[in-house]
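# Observations on chain architecture
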Amino acid sequence: MEDIAKMADRLIVMDKGQVALEGPPQAVFLHDDKLESIGLGVPQITKLTRALREKGYNIPQSIITVKEAKEAILAMVKEANNA
C-alpha cells in the first residue's frame, strides 16, 4: 500500500461495485477501519503514526510513507531536545 501511496494522486476504492472511498491517498488512508472491512490495508507506517498520535505525540495525520514519518519524528525529537 505504501507504493500506491507514493505513486497515486487520487484513489478510488470500490466495494461490491460501489465507490466506497475516493480522494488523495492521505484522505483515503485515514479510513483504515473501512479499508480493512473491505479487505484492504493501509501502509504500516500509517498504523504506527496513528498509534503515536493516540499516545499524545504531535504527528501529522497526512503521513503515508516511511520518509514522511522519518522526517516528522526527527523534527519532533529535535524540538524536544531544544526544549
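Residues numbered from 1 in each chain as written. Predicted model: local features only at pLDDT ≥ 70, side-chain atom pairs only at ≥ 80, totals over all residues. Heavy atoms only, no water.

Going by the annotation in an unreviewed UniProt entry, the name recorded for the protein is Energy-coupling factor transporter ATPase, with Aduncisulcus paluster given as the source organism.

## Structural notes on the pairing of strand β1 (residues 11–15)
Direction of pairing for β1 relative to strand β2 (residues 18–23): antiparallel, over a ladder of 5 bridges. The residue bridging Ile12 from the neighbouring strand is Glu22, located in β2. Taking the residues that link successive antiparallel strands as the turn, the β1-β2 hairpin has 2 residues, and the phi of Lys16 there is positive, at about 55 degrees. (Pairing = 2+ DSSP bridges. Helix = DSSP H or I, 4+ residues; strand = E, 2+ residues; numbered from the N terminus.)

## Some points on unusual backbone geometry
Comment: phi is negative for the bulk of residues other than glycine, and the bulk of peptide bonds are trans. With a phi close to 55 degrees, Lys16 is a non-glycine residue in the positive phi region. Considering the arrangement of structural elements, one finds Lys16 in the loop between β1 and β2. By relative accessible area, Lys16 is classed as exposed at 79%. (Buried < 20%, exposed > 50% of the residue type's maximum accessible area, 1.4 Å probe, protein only.)

## A word on the environment of Ser37
Within the element layout of this structure, Ser37 appears in helix α3 (residues 32–38). Of the residues examined, Ser37 reaches a relative accessible area of 62% and is grouped as exposed. Residues Ser37 and Pro24 lie 13 residues apart in sequence; the distance between their C-alpha atoms is 20 Å. Among the polar contacts made by the side chain of Ser37, one reaches the main-chain carbonyl oxygen of Lys34 at a distance of 2.7 Å. (Polar contact = N/O pair within 3.5 Å; in protein donor to acceptor, adjacent residues only side chain to side chain.)

## Remarks on a nonpolar patch on the surface
On the surface, Met1, Ile4 and Leu40 cluster together into a nonpolar patch covering about 230 Å² of accessible area. Looking at where Ile4 falls in the secondary structure, it is placed in helix α1 (residues 2–7). Judged by its relative accessible area of 39%, Ile4 falls in the partly exposed class. (Patch = residues over 30% accessible without salt bridge, like charges linked within 9 Å, V, L, I, M, F, W, Y side chains within 5 Å. Areas by Shrake-Rupley, 256 points an atom, 1.4 Å probe, with all protein chains shown as cover. Salt bridge = Lys/Arg side-chain N within 4 Å of Asp/Glu carboxyl O.)

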